[in-house]
Amino acid sequence: QVQLVESGGAVVQPGESLRLSCTPSGNIYEISSMAWYRQAPGKKREWVARIWNSGSTNYGNAMKGRFTVSRDSAKSTLFLQMSNLKPEDTAIYFCNVVMRETMQQFWGQGTQVTVSS
C-alpha cells in the first residue's frame, strides 16, 4: 500500500509558474514509476507526465516544453514544475504510482490548480 498526498495547488494568472508536490508514504520502495494526471471540469482524466525509477520521463503532448516532472534524490517526493500556465491548464492534478511487482496503482486526492486572470 502507498498513500499519496499532493500539495502546491493555487490560483495563478496566465503565464505564471507553479510547482506541485506529491509525498508518498508506505511501501515506497516497491514503486516502479510515479506520474501526474489532471482532470478538468466535465472532462476525462488526462495523463500529464510519468517518471520511472531509472529517471526516464515522458510527457503528454500538451505539456511538452512547459512542464517538468522530477523526483527528489531519495526517490520519494514527486514534483511537477509548470511554467507559462494557460487557462486550459485549470484542473485537479492527481499523483499516481505503479507498483513494481503487482502493477497495482494508487492515487492521491488531488490538488486544485486554477489559471485565471
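As shown above, the structure is provided for reference.
All values derive from a computational prediction rather than experimental measurement. Residue numbers here run from 1 along each chain, matching the order of that chain's written sequence. Confidence filtering applies because this is a predicted model: local features only for residues at pLDDT of at least 70, side-chain atom pairs given and counted only at 80 or more, and all residues used for totals across whole chains, interfaces and linings. Here the side-chain values reflect all heavy atoms present in the structure, with hydrogen atoms and water set aside.

J.: What is the right way to look at the state of the cysteines in this model?
T.: What we call a disulfide is simply a covalent bond connecting the sulfur atoms of a pair of cysteines. Note that a disulfide, as used here, is simply two cysteine sulfur atoms within 2.5 Å. Evaluated as defined, the whole model comprises 1 disulfide. Linked covalently through their sulfurs, cysteine 22 and cysteine 95 form a disulfide whose S-S length is 2.1 Å. Measuring the twist about the S-S bond at about -80°, one finds the cysteine 22-cysteine 95 disulfide to be left-handed. Highlighted residues: cysteine 22 in strand β3 (residues 18-26) and cysteine 95 in strand β9 (residues 91-99), separated in sequence by 73 residues. Accessibility classification places cysteine 22 together with cysteine 95 in one group, the buried group. Starting at the N terminus, helices and strands are each numbered in turn, a helix being any DSSP run of H or I of at least four residues and a strand any DSSP run of E of at least two. Classification of residues uses two cut-offs on accessible area relative to the type maximum, computed with a 1.4 Å probe and protein chains only: under 20% is buried, over 50% is exposed, and between them is partly exposed.

J.: Just checking my understanding: could you explain the pattern of salt bridges for this structure?
T.: Oppositely charged side chains can pair when the atoms bearing their charge come close. The salt bridge criterion pairs a side-chain nitrogen of Lys or Arg with a carboxyl oxygen of Asp or Glu, the two atoms within 4 Å. With the rule as written, the count across this model stands at 4 salt bridges. Put simply, aspartate 89 and arginine 38 hold a salt bridge, and the shortest N to O gap is 2.9 Å. With aspartate 89 in the loop between β8 (78-82) and β9 and arginine 38 in strand β4 (residues 31-39), the pair connects residues that are 51 residues apart, well separated along the chain. Its relative accessible area of 6% is what places arginine 38 among the buried residues. A salt bridge links arginine 66 to aspartate 89, with the shortest nitrogen-to-oxygen separation between them at 2.8 Å. Note that arginine 66 is positioned in the loop between β6 (57-59) and β7 (67-71) and aspartate 89 in the loop between β8 and β9, a separation of 23 residues in sequence. Each of the two residues, arginine 66 as well as aspartate 89, counts as buried. One network of salt bridges, with partners in common, ties together Arg38, Glu46, Arg66 and Asp89.

J.: Help me out: how do you make sense of the sheet that holds β7 in this one?
T.: Pairing between two strands requires that DSSP report at least two bridges joining them. A sheet is described by the order of its strands in space; here 4 strands give the open sequence β1-β3-β8-β7, paired in antiparallel fashion. Looking at which strands have only one partner, the edges of the open sheet turn out to be β1 (2-7) and β7. Adjacent strand axes in the sheet meet at a mean angle of 15°, parallel and antiparallel pairs treated alike. Bridging between β1 and β3 involves 6 bridges; their strand directions are antiparallel. Residue pairing across strands places glutamine 3 opposite serine 25, the latter belonging to β3. Axis definition: a line fitted to C-alpha atoms, limited for helices to the stretch in contact. Angles are taken between N-to-C directions and run from 0 to 180 degrees.

J.: Can you help me understand the side chain of arginine 38 in this one?
T.: Nitrogen and oxygen atoms within 3.5 Å of one another constitute a polar contact, given that in protein one can donate a hydrogen and the other can accept it, and given that sequence-neighbouring residues count only through two side-chain atoms. Only 3.0 Å separates the side chain of arginine 38 from the side chain of tyrosine 93, close enough to count as a polar contact. Two residues form a contact once any of their heavy atoms are found within 4.5 Å. The residues touching arginine 38, leaving out its near neighbours within four places in the chain, are Lys44, Arg45, Glu46, Val48, Ala62, Met63, Phe67, Glu88, Asp89, Ala91, Ile92 and Tyr93.

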